[in-house]
Amino acid sequence: MSRSCTPRSRWLGTLSLAAAGLLLTSVVAAAPHDARAATTESSAVTTTDIPGVDEIRSSPNLKLVVNLPKETPLDATNSDLAFQGRYAFAGNYNGFVIYDISRPAAPTVVSRVLCPGSQNDISVHGDLLFLSTDSPRSDDSCDSTRVPSSETQWEGIKIFDISDKANPRYLKSVQTACGSHTHTLVPGRNRATMYIYVSSYGPSDTYVGCPPPHDSISIVKVPVHRPTEAAVVAVPNLFPDGGYEGVPGQKSATSGCHDITAYPSKNLAAGACMGDGILMDISDREAPRVINRVRDTENFAFWHSATFNNAGTKVIFTDELGGGGAPTCNEVIGPNRGADAVYDITGRGDDRTMVFGSYFKIPRENTNTENCVAHNGSLIPVFGRDIMVQAWYQGGISVWDFTNSANPREIAYWERGPLDEENLITGGSWSAYWYNGYIYSNDIAKGLDVLRLTDWRTWTANFVRYSELNVQTQTGRFGR
């Protein structure tokens, strides 16, 4: 059974020395600047350069290899991605798809599983696949129907057996409070146990199974060899004071978390919790402790997701301004809203704090018919640098370097034009992740995109191979 998110590096000693020498002589830290907004090393696209419908624009170093369109019945909204060996697992609001990506330029569909329930956020571990259901359902089956929240019968986590990739089997469901918008796998102290940190939000007095207050997450314990015994073992309250109260119509109040990223080997996790960003000690997997909390009441509207750097000394938070359905990559919104925020982690133990460094946002304007905002991305396993690839919905895919926390820089981009010239139709890249030499993007409307990055700053990543990758469960081997 392969281990979650663990890279098996195949470095030769001479290659490591050569790479280190090259990077030490080539990396020059850029000076901080007062604006704290990112610059770009790729050619910026002006408003006159905005591509037309379905037209592709990119920097020279990032190119599309292939696209696989969606097919019925998995033709609803595409969502998150996970990887294992030669397979990619793609969530869709109607279920999930398993792709064979042994030949990245010619991926094939191994199986499609119809199992409706938004968002179907997805992760894998060994022979198990986990799906998040965050919509009130009539029951926990894959034949369930959506019901009003006042009539909720079930929502939460579904567990599948994927030992036979061509024929996944539904094994078990676990109901969780307010459902499961996203989830994060956290390995236990031994290989026999996996924990699932379930993030959910949006309580209401009329929402069955989700009454206010909801300042907690649900922790599901999964005996790996007995997955049908999976159950909720803890519901820790992360915000005893209720969290940020929000500003109606402008900034979200904290009522649970949207997403959590764990760094198990460092016993750390970062939570993007609507109105708050938090750093947690997860030494006790069943009792995570908040050790630092940050807010941005000026520019952040909805704390959406988090990414650590390889060394675990920085964390990136994203602001999903407009909920992912609005055109926020424009001059009116500006460079600091709907963006990423870079925080340095300082101190030790419970005295660790997150210190703001800068914002990063793609340096291109979109049309008003394109939903665009910071969304899901992953680190590129580069020796000596902090570089990630990130989805921006119809803003496309951006590769950016945040080695200098005060001055992040875009080094590559790729985007399609709008889906329609006159009407805003939701689309674009939901998740863009690096896996074994390629970038895989699950486009909401267009299907699976495979891209190739060719850049001297990221060439060392091509020597890293993962046996399994769930992006919200991080492991680093290239921290300085």
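The rules we used
- Residues numbered from 1 in each chain as written.
- Predicted model: local features only at pLDDT ≥ 70, side-chain atom pairs only at ≥ 80, totals over all residues.
- Heavy atoms only, no water.
- Helix = DSSP H or I, 4+ residues; strand = E, 2+ residues; numbered from the N terminus.
- Buried < 20%, exposed > 50% of the residue type's maximum accessible area, 1.4 Å probe, protein only.
- Areas by Shrake-Rupley, 256 points an atom, 1.4 Å probe, with all protein chains shown as cover.
- Pairing = 2+ DSSP bridges.
- Salt bridge = Lys/Arg side-chain N within 4 Å of Asp/Glu carboxyl O.

A. Local environment of the overall build of the protein. When its secondary structure is counted, the protein shows 1 helix and 31 strands. Residues counted as buried form 60% of the 480 residues belonging to the protein. Carbon and sulfur atoms make up 49% of the accessible area of the protein, which amounts to about 17,700 Å² in all.

B. Structural detail: the sheet that holds strand E31 (residues 468-469). In spatial order, the strands read E7-E6-E5-E4-E31; together these 5 strands make up an open sheet with antiparallel pairing. Each edge of the open sheet carries a strand with a single partner, namely strand E7 (108-114) and E31. With 5 bridges joining them, strand E4 (residues 78-84) and strand E5 (residues 87-92) adopt antiparallel strand pairing. Following the sheet pairing, Leu-81 is matched in E5 by Ala-90.

C. Layout of the pattern of salt bridges. Under the definition given, this model contains 18 salt bridges. Its salt-bridge partner being Asp-276, residue Arg-295 comes within 2.6 Å of it at the nearest N-O pair. Pair noted here: Arg-295 is in the loop between strand E19 (289-294) and strand E20 (303-308) and Asp-276 is in strand E18 (residues 276-281), with a separation of 19 residues, a long-range link. A relative accessible area of 38% means that Arg-295 is categorised as partly exposed. Asp-449 is the partner of Arg-416 in a salt bridge, and the nearest nitrogen-oxygen pair spans 2.8 Å. Of the two residues, Arg-416 is situated in strand E27 (residues 409-416) and Asp-449 in strand E30 (residues 447-453); the sequence distance between them amounts to 33 residues. Taken as a pair, Arg-416 and Asp-449 share a single burial class, namely buried. Within the structure, one salt-bridge network assembled from shared partners comprises Asp-241, Asp-276, Arg-293 and Arg-295.

Take it as geometry only, folks, not as evidence of what the structure does.
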